[in-house]
Amino acid sequence: MTETPPTAHERQKKPLAQRPSLKRVYASIIVAFGWLLFLALWLFYYATSFGIVQNIAVFLLSLVVAGMILTVLWVPWATDRPIEAHCIGRIMNFIPLELSVTNCFLIKAGDHYVLIDTGYEDDWDLFRTRLNEAGVELSQISHIILTHHHDDHCGLLRNILWENHSIRVVMSHLCKDLILRGENDRTHGGGFLNRRIAFLMRRRRLYLSLVLKKVIAKGKIDTFPPYRLRNCDILVAEDTGLREIGIPLDSKIIETPGHTVDSISVLFDDGDCLIGDAASNFLQFLGAKYCVVLITDMSAYYQSWEKVIAAGARQIFPAHGAPFTVDKLKTNLWKNKAENIVPYT
Ligand SMILES: [Zn+2]
C-alpha cells in the first residue's frame, strides 16, 4: 500500500513542538567543551609566552570563533517557526506553504486556488512537495498575487508559469518595472533595519546556502529570473477588492509600501491579513520589533501598519516567521527609528 501525503488539514494538526534536534544539541556541547579544552591547553602551555593584551586577544578570538560556530548551528533553528503551530484550532481561509525562507499561502477561491507569493528560485522542489502535501495541483491555481518583487517572493514565478501558463499574475503597478529587472530594488534608498541585523544580513549568503542547501554564488544574491508582464496579468494601482479583478473572495488588496515601493497585502473581511514583508516575525532577538530586515522608507512602513490596523486586521500572517495578532503592530508602532537604518553598501 502506498502512503498518501498528509492533507493540509492534517499538516495543521501535526505536533510541531520546536525542540531542537539532538544532533544540534550534541554539536553545541562538543563546541563548548572544545572551547574550554582550548582555553585550558592555552593557559597551561602557551599563555606565559605572551603578554596580557595578547592573551586577552586570543581569548576574545576563541570566543568569536565559538560564537560563530554556534550561530551557524542555531540560527536556522531559531528562524524556523512552523506556521501551523500558531493556527491550531483556527479555521483559516488559506493553506500555508512553508518554503525555505518564505511563507506562501494558497487560498481556495471557487473551483480554483490563489497563490500568494512564490519563493526563491531554488525552492522549486520544496514548493512542489508542499503543493503535493496540500493536495493541490498546479493546474488548479488561477492567480498568483505577488506582495512585492523581491527574489524570495517571485523567484519561482517562471517555473510555475512554465507548468501552467494560464495563471494570471496580480501585482502592484509599481512592481511591473522592478520585476523586469531581475534584482531586488535598491534605487529607492533604505537599508538594513539596524546595525545588528546589518551585520547578520551581510553574511546572508552563508545562511541562504545553509537553508537552500547549495552554495549561492556572490553575484546571485538578491537576484531572480526577470519577469515581463503579459497581457493577461493584472496590475493594481490602488486598494482593490479581489472580486473586482475576478477572484471570488471576500478580501481586498491594500497598498502597504515601506519595505519596498511596490508592497501590497491581502486583507480578508474577517481580519486575516497576508501581509508579505509589510511586517515580519523574524530576527526578533536582534530588535526587529515585527519589522522586516530591509526597509526602504521607515515612515511609509509604519504608515502601512496604521493603515492595516485601521482597516480591521486581526491576525497577521507574515511571509517570514509565525503569525501574530494585530496587537503586536499596535504596541510596536514607530519603535524602530529611521536614523538607525544602515545603508546597503
Ligand atoms: Zn522583501
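In short, a report on the structure.

Thresholds applied
Residues numbered from 1 in each chain as written. Predicted model: local features only at pLDDT ≥ 70, side-chain atom pairs only at ≥ 80, totals over all residues. Helix = DSSP H or I, 4+ residues; strand = E, 2+ residues; numbered from the N terminus. Buried ≥ 20, exposed ≤ 12 C-beta atoms within 10 Å, placed from the backbone. Contact = placed C-beta atoms within 7 Å. Pairing = 2+ DSSP bridges. Core = buried A, V, L, I, M, F, W, Y, C linked by C-beta atoms within 7 Å. Expected span 1.5 Å × (residues − 1). Arc of directions from axis to C-beta.

Within the chain one finds 11 helices and 15 strands. In the chain, buried positions account for 36% of the 345 residues. If you take every contact in the chain between residues at least 6 apart in sequence, the share linking residues at least 24 apart comes to 70%.

On to the sheet that holds strand S15 (residues 342-343), then. By definition, the strands of a sheet pair up through backbone hydrogen bonds, in either a parallel or an antiparallel sense. Strand order in this open sheet of 3 strands is S12-S6-S15, and the pairing throughout is antiparallel. Only two strands of the sheet have a single partner each, and these edge strands are strand S12 (294-295) and S15.

On a regular strand, each side chain points to the face opposite its neighbour's, so the side chains alternate between the two faces of the sheet. Counted residue by residue, strand S9 (residues 251-255) has 4 buried out of 5 residues, so it is predominantly covered. One ladder, built from 2 bridges, connects strand S8 (residues 240-241) with S9; its direction is antiparallel. Along S9, the bridge assignment pairs threonine 240 with isoleucine 253. Direction of pairing for S9 relative to strand S10 (residues 264-268): antiparallel, over a ladder of 5 bridges. Bridging across to S10, serine 251 finds its partner in phenylalanine 268.

Let's shift gears to the sheet that holds S10. The strand order S8-S9-S10-S11-S13-S14 describes an open sheet built from 6 strands, whose pairing is mixed. The open sheet has two edge strands, S8 and strand S14 (324-325), and neither has a second partner.

Judged by nonpolar contacts, the single largest core of 73 residues is most densely connected at Phe105, Leu106, Ile116, Ile144 and Val293. Ranked by residue count, the leading element in this core is strand S2 (residues 103-109), at 5 residues. For leucine 106, the contacting residues outside a window of four places in its chain are Phe94, Ile95, Leu97, Tyr113, Leu115, Ala134 and Val136.

Our next topic: unusual backbone geometry. If you check the backbone angles, aspartate 222 has positive phi at about 65 degrees while not being a glycine. Within the element layout of this structure, aspartate 222 appears in the loop between helix H9 (204-212) and strand S7 (234-236). Unlike most non-glycine residues, lysine 289 shows phi in positive territory, near 50 degrees. On the secondary structure map, lysine 289 appears in the loop between strand S11 (272-276) and S12. On the basis of neighbour counts, which here come to 18 C-beta atoms within 10 Å, the residue lysine 289 falls in the partly exposed class.

Below, the discussion takes up the environment of threonine 260. Along the chain, the position of threonine 260 falls in the loop between S9 and S10. Judged by local crowding, threonine 260 falls into the buried class, with 31 C-beta atoms found within 10 Å. Taking the C-alpha atoms as reference points, threonine 260 and isoleucine 295, separated by 35 residues in sequence, lie 7.0 Å from one another.

Now for the pairing of strand S5 (residues 168-172). A large share of S5 lies buried, amounting to 4 of its 5 residues. Note that strand S4 (residues 141-145) and S5 share 3 bridges and pair parallel. Looking across to S5, one finds that isoleucine 144 is bridged to valine 169. Pairing between S5 and S7: 3 bridges, direction parallel. Bridge pairing links serine 172 to valine 236 in S7.

Between the first and last C-alpha of helix H10 (residues 298-310) there are 18 Å, a value that for 13 residues agrees with the 18 Å anticipated at 1.5 Å per step. Residues of H10 that are buried: Tyr301, Tyr302, Ser304, Trp305 and Val308. Each buried residue of H10 lies within a common arc of 145 degrees when the element is viewed along its axis, so the set occupies one face. Set apart from the buried face of H10 by more than 90 degrees, the exposed residues are Ser299 and Ala310. Those residues of H10 that are buried are in contact with S10, S11, S12 and helix H11 (327-332). Downstream of H10 by one or two residues, glycine 312 has phi in the positive range, about 100 degrees.

Everything listed here is a matter of coordinates, which is why it stays silent on function.
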